[in-house]
Amino acid sequence: MGNSHLSPVIGATYCFNVAGDVIRVLVVDDHALHRDGIRQILAQHPGIEVAGEAGSAEEGLALINQLQPDVVLMDIRLPGMNGIDATRRVRRDHPATRVLVVTAYDDDEYVISALEAGASGHLSKAAPGRELVDAVRAVTAGGTVVDPLALTHLLSGRVETAASLTERELAVLRLLSEGLHNKQVATRLGISRRTVERHCDNIYAKLGVGSRTEAVVRAISSKLVSVPDDHH
C-alpha cells in the first residue's frame, strides 16, 4: 500500500490552506518509534504541528480534553481501549476534532468500523509521508480520505440495494462523493445551501446512514457512484 495514492473519491477537494491556521495534531500510537516518525514528517510542514502524543487511548482522550487538537492520528490496536472505541468517544465528546485512523491493518472490518465510529478516514502506516500530510490537511478541511487499496477491499462484494433516491438527491450524492462541501454543491446545482442540507438529510435517511462519509461509502458499494480508475 506504500505506493498507493489517496483516493479522491471520498474527501474534500484538496484546498489545503485552511484559513492560514496551524493544524494542531495529536498522535495516539503505542509505538514510540512510529510517533517519532510522524512527528518528524509533520515538523517539515510549517502549517502543521504535533501538539502532543499518547501511547494509549486513555492517555489520548485525556490529552484531547487539554489540548483540543484539530486532528487525532489514531492507531487501532492499542493497550486497553482500542482505537475504534476511542474514535467513537472523540467524535461524541469533541465533534470538532477529526480522527484519521493510521494503522498497519487494512482488513474490511477495521476500515468499516473506523468509518462507522466517526473517523474521517483510514491511512496505511506504509503510506509515504506526503500522503500523511495531505490526509491531515484534507480531514481538517472537512473531507474524508481512504487508502484506495483499502477502499477496493471494502467495496469488493459489498453491493447493497439502496432505497430509491430522487434524481436531485443522486446529483447531490455524486457531488459529495467528489469531495464538494454543501456550499459548493449548492453553487454547482444552483440551489440554496439549506436545500442541499435537506437533500443530505433525505439521503442519509434513505441509505440508513448517519454521516456524509457513510453515505458516500454506501453509495459506492451500491454502485450509485463509481470509483475513478485514476487515483492520482
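Here's what I pulled together on the structure shown here. Position numbers for residues count from 1 along each chain, tracking the sequence in the order it is written. Since the coordinates come from a predicted model, pLDDT governs what is reported: local features require at least 70, and pairs of side-chain atoms require 80 or more to be given and counted, while whole-chain, interface and lining totals use all residues. Heavy atoms throughout the structure, all of them, feed into the side-chain values; hydrogens and water do not.

Judged by pairing direction, the sheet is parallel, and its six strands sit side by side in the order β2-β1-β3-β4-β5-β6 without closing on themselves. Unpaired on one side and paired on the other, β2 (48-54) and β6 (145-146) mark the two borders of the sheet. Residues are treated as being in contact if the distance between any of their heavy atoms lies within 4.5 Å. Axis definition: a line fit to C-alpha positions, over the contact stretch in the case of helices; interaxial angles, taken between N-to-C directions, run 0 to 180 degrees. By definition, any uninterrupted DSSP run of H or I lasting at least four residues is a helix, any uninterrupted run of E lasting at least two residues is a strand, and each is numbered from the N terminus. Along the sheet, helix α3 (residues 83-93) contacts β3 (71-74) and β4 (98-103); its crossing angle with β4, the most-contacted strand, is approximately 170°. Two strands pair if DSSP finds at least two bridges between them.

In this section: the packing of helix α1 (residues 32-43) against helix α5 (residues 129-140). With their axes 10 Å apart at the nearest point, α1 and α5 run at an angle of 75° to one another. The angle between the axes of α1 and α5 places the two elements in the roughly perpendicular class. Contacts between α1 and α5 involve I38, I41 and L42 on the former and, on the latter, G129, L132 and V133. For this classification, the nonpolar set comprises Ala, Val, Leu, Ile, Met, Phe, Trp, Tyr, Cys and Pro, the charged set comprises Asp, Glu, Lys and Arg, and every other residue, Gly included, is treated as polar. Residue composition of the contact of α1 with α5, by class: five nonpolar, one polar and no charged. Here the word oblique covers every angle except those under 35 degrees (roughly parallel), over 145 (roughly antiparallel) and from 65 to 115 (roughly perpendicular).

Strand β1 (residues 23-28) sits mainly inside the fold: five of its six residues count as buried. Here β1 pairs with β2 via six bridges, running parallel. Within β2, the position partnered with I23 by the bridge is I48. A crossover connection joins β1 to the parallel β2 through α1; in handedness this β-α-β unit is right-handed. For β1 and β3, the ladder comprises four bridges, and the chain directions are parallel. Looking at β3, one finds that L26 is bridged to V72. Burial classes follow relative accessibility: with a 1.4 Å probe on protein chains only, a residue under 20% of its type's maximum area counts as buried, one over 50% as exposed, and anything between as partly exposed. Note on handedness: a clockwise path from strand one over the helix to strand two, with the strands aimed away from the viewer, defines a right-handed crossover.

The next subject is the environment of E116. Take E116: it is sitting in helix α4 (residues 108-116). Along the backbone, E116 and T213 are 97 residues apart, and their C-alpha atoms lie at a distance of 8.6 Å.

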